[in-house]
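Below are the chains, spelled out letter by letter.
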Amino acid sequence: VQLQASGGGLVQPGGSLRLSCAASGSIFRLNAMGWYRQAPGKQPELVAVIIGDTTTNYADSVQGRFTISRDNAKNTVYLQMNSLKPEDTAVYYCNLRQGSTWSYDYWGQGTLVTVSS
């Protein structure tokens, strides 16, 4: 399985960005796709995850501002990020997990999101 992330960039506070992550390879029907981020000097953290078609979970810090969605026909997951704040600045990583115990774990390359005026 390969994951290709895109959509990062520089945006002003209050602005929006949409990240995309396209998966290819042997993808199970049921999987969980999500986004993690790591800011400079900080531990990685889960941003959002979508399990199956509709079950979602968000970090408290992004709840109400970010929306995760997926297009199964394209094996692609999206992260719509609105009302961005400087503290959202980080490298964002796409993740896919599948298998009976979620033991198959795949990561895409990071995409940098910088929120600054």
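Owing to the predicted nature of the structure, the values given are computational and were not obtained by experimental measurement. Counting restarts for each chain, with residues numbered from 1 along the sequence as it is written. It should be noted that, the model being predicted, local features are given only for residues of pLDDT at least 70 and side-chain atom pairs only at 80 or more, the latter also being counted only at that level, while totals for whole chains, interfaces and linings use all residues. With hydrogens and water set aside, each side-chain value is computed from the structure's full complement of heavy atoms.

Description of the overall build of the protein
When its secondary structure is counted, the protein shows 0 helices and 11 strands. Helical segments are the DSSP runs of H or I of at least four residues, strand segments are the runs of E of at least two, and each set is numbered from the N terminus. Secondary structure of the protein in N-to-C order comes out as β-β-β-β-β-β-β-β-β-β-β. The size measure is the radius of gyration over C-alpha atoms, and the globule rule it meets is 2.2 Å times the number of residues to the 0.38 power. Relative to the compact-globule value of 13 Å for 117 residues, the protein shows a C-alpha radius of gyration of 14 Å, a close match. The principal-axis extents of the C-alpha atoms in the protein amount to approximately 45 × 25 × 25 Å. Looking at the protein as a whole, 40% of its 117 residues are labelled buried. Of all intrachain contacts in the protein linking residues separated by at least 6 positions in sequence, the fraction that spans at least 24 positions is 53%. Categorising residues by exposure relies on relative accessible area from a 1.4 Å probe, with only protein chains included: less than 20% of the type maximum marks a residue as buried, more than 50% marks it as exposed, and the intermediate range marks it as partly exposed. By definition, residues are in contact when any of their heavy atoms lie within 4.5 Å.

Structural notes on the pattern of salt bridges
Between Lys or Arg on one side and Asp or Glu on the other, a salt bridge is scored when a side-chain nitrogen of the former is within 4 Å of a carboxyl oxygen of the latter. A full pass over the atoms with the stated rule returns 4 salt bridges. Note that Arg37 and Glu45 form a salt bridge whose closest N and O atoms lie 2.6 Å from each other. On the basis of relative accessibility, which here comes to 33%, the residue Glu45 falls in the partly exposed class. With its nearest N and O atoms 3.2 Å apart, the salt bridge here joins Arg97 to Asp105. Judged by its relative accessible area of 35%, Asp105 falls in the partly exposed class.

A few points about the nonpolar core
To qualify as a nonpolar core, a set must consist of buried Ala, Val, Leu, Ile, Met, Phe, Trp, Tyr and Cys residues joined through side-chain atoms within 4.5 Å. Met33, Trp35, Leu79, Met81 and Tyr92 are the most contacted members of the largest nonpolar core, which has 28 residues in total. Broken down by secondary-structure element, the contributors of at least two residues to this core are β1 (2-6), β3 (17-24), β4 (31-38), β5 (45-51), β7 (66-71), β8 (76-81), β9 (90-98) and β11 (111-115). Those residues in contact with Met81 that lie beyond four places of it in its chain are Gly15, Ser16, Leu17, Leu19, Arg65, Phe66, Tyr92 and Val113.

Considering the pairing of strand β10 (residues 104-107)
Consecutive side chains of a regular strand alternate in pointing toward one face of the sheet and then the other. Paired strands, in this sense, are two strands between which DSSP finds at least two bridges. For β9 and β10, the ladder comprises 4 bridges, and the chain directions are antiparallel. Looking at β10, one finds that Gln98 is bridged to Tyr104.

A few points about the packing of aromatic side chains
Stacked, tilted and edge-to-face are the three classes assigned to paired rings of Phe, Tyr and Trp, where Trp is represented by its six-membered ring and a pair needs centres within 6.5 Å; plane angles under 30 degrees give stacked, over 60 edge-to-face, the rest tilted. All told, the structure shown has 2 aromatic pairs when counted by the stated rule. Aromatic side chains Phe28 and Tyr104 sit 5.8 Å apart centroid to centroid with 75 degrees between the ring planes, which places their arrangement in the edge-to-face category. Of this pair, Phe28 sits in the loop between β3 and β4 while Tyr104 sits in strand β10, and the two are 76 residues apart along the sequence. A relative accessible area of 36% means that Phe28 is categorised as partly exposed. Assessed through its relative accessible area of 42%, Tyr104 is described here as partly exposed.

Quick notes on the state of the cysteines
Throughout, disulfides are identified as pairs of cysteine sulfur atoms within 2.5 Å of each other. For the structure shown, the criterion picks out 1 disulfide. For Cys21, the disulfide goes to Cys94, at an S-S distance of 2.0 Å. Its S-S torsion of about -85 degrees marks the bond between Cys21 and Cys94 as left-handed, since a negative value means left-handed. With Cys21 in strand β3 and Cys94 in strand β9, this residue pair connects regions lying 73 residues apart in the sequence. The buried category is assigned to Cys94, whose relative accessible area is 0%.

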